[in-house]
Amino acid sequence: MIKETVIIEGSVRGMKFSKPILLQFNPSEENIEEAIIKFFNSHAQSFEELAVQRGWRDSYWTFPQYYELVI
């Protein structure tokens, strides 16, 4: 099992949102997109279909950016 944080960004009714979600999945059984769909208890076939179901516009998922401080 892998634990991975992804961020979903988009807009709902003209308001932008950014939602981090913590996924736990087995990469030999599903990919990240499938884990996102499962997280939302959906039967969507793709992230795009999930976005339509949830009313998200201009949405996408990404990994968080981690910045390292170099001194």
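It should be emphasised that the depicted structure is a prediction, and the values quoted were computed from it without experimental measurement.

Novice: Could you give an account of the overall build of the chain, naming the residues involved and the relevant values?
Specialist: For the chain, the count of helices and strands is two helices and three strands. Taken over 71 residues, the chain has a buried fraction of 32%. Taking all contacts inside the chain whose residues are at least 6 apart in sequence as the whole, residues at least 24 apart take part in 36%. Charged side chains in the chain number 7 positive and 10 negative. The centres of these two groups are separated by 11 Å.

Novice: If you had to explain the pairing of strand 1 (residues 2-12) to someone new, which residues and values would you point to?
Specialist: Sheet analysis places strand 1 next to strand 2 (residues 15-25), joined by 11 bridges and oriented antiparallel. Paired with S11 across the strands is K16, a residue of strand 2. Linking strand 1 back to strand 2 in an antiparallel pair, the connection comprises two residues, with R13 at a positive phi of about 50°. Taken together, the four bridges between strand 1 and strand 3 (residues 57-62) define a ladder with antiparallel strand orientation. Bridge pairing in strand 3 links I8 to W61.

Novice: How would you explain helix 1 (residues 32-39) if you had to name every residue and give the values?
Specialist: Within the span of helix 1, buried status applies to I32, A35, I36 and I37. Its side-chain oxygen at 3.1 Å from the backbone nitrogen of E33, N31 defines the N-terminal cap of helix 1. Immediately beyond the C-terminal end of helix 1, within one or two residues, lies N41, with a positive phi of roughly 50°.

Novice: Could you give me a rundown of the sheet that holds strand 1, with the residues and numbers involved?
Specialist: Ordered in space as 2-1-3, the three strands form an open sheet in which the pairing is antiparallel. One side of each edge strand has no neighbouring strand; the edge strands of this open sheet are strand 2 and strand 3. Put simply, the sheet's adjacent strands are angled 20° from each other on average, direction ignored. Sitting on the sheet, helix 1 touches strand 1, strand 2 and strand 3, and the angle it makes with strand 2 is about 105°.

Novice: With reference to specific residues and values, describe unusual backbone geometry.
Specialist: For R13, which is not a glycine, the phi torsion comes out positive at approximately 50°. Structurally, the position occupied by R13 is in the loop between strand 1 and strand 2. Not every positive phi belongs to a glycine, and N41 is a case in point at roughly 50°. Judged by its relative accessible area of 70%, N41 falls in the exposed class.

Thresholds applied
- Residues numbered from 1 in each chain as written.
- Predicted model: local features only at pLDDT ≥ 70, side-chain atom pairs only at ≥ 80, totals over all residues.
- Heavy atoms only, no water.
- Helix = DSSP H or I, 4+ residues; strand = E, 2+ residues; numbered from the N terminus.
- Buried < 20%, exposed > 50% of the residue type's maximum accessible area, 1.4 Å probe, protein only.
- Contact = heavy atoms within 4.5 Å.
- Lys, Arg positive; Asp, Glu negative; His and termini not counted.
- Charge placed at Lys NZ, Arg CZ, Asp CG, Glu CD.
- Pairing = 2+ DSSP bridges.
- Polar contact = N/O pair within 3.5 Å; in protein donor to acceptor, adjacent residues only side chain to side chain.
- Axes fitted to C-alpha atoms, helices over the stretch in contact; angles between N-to-C directions.

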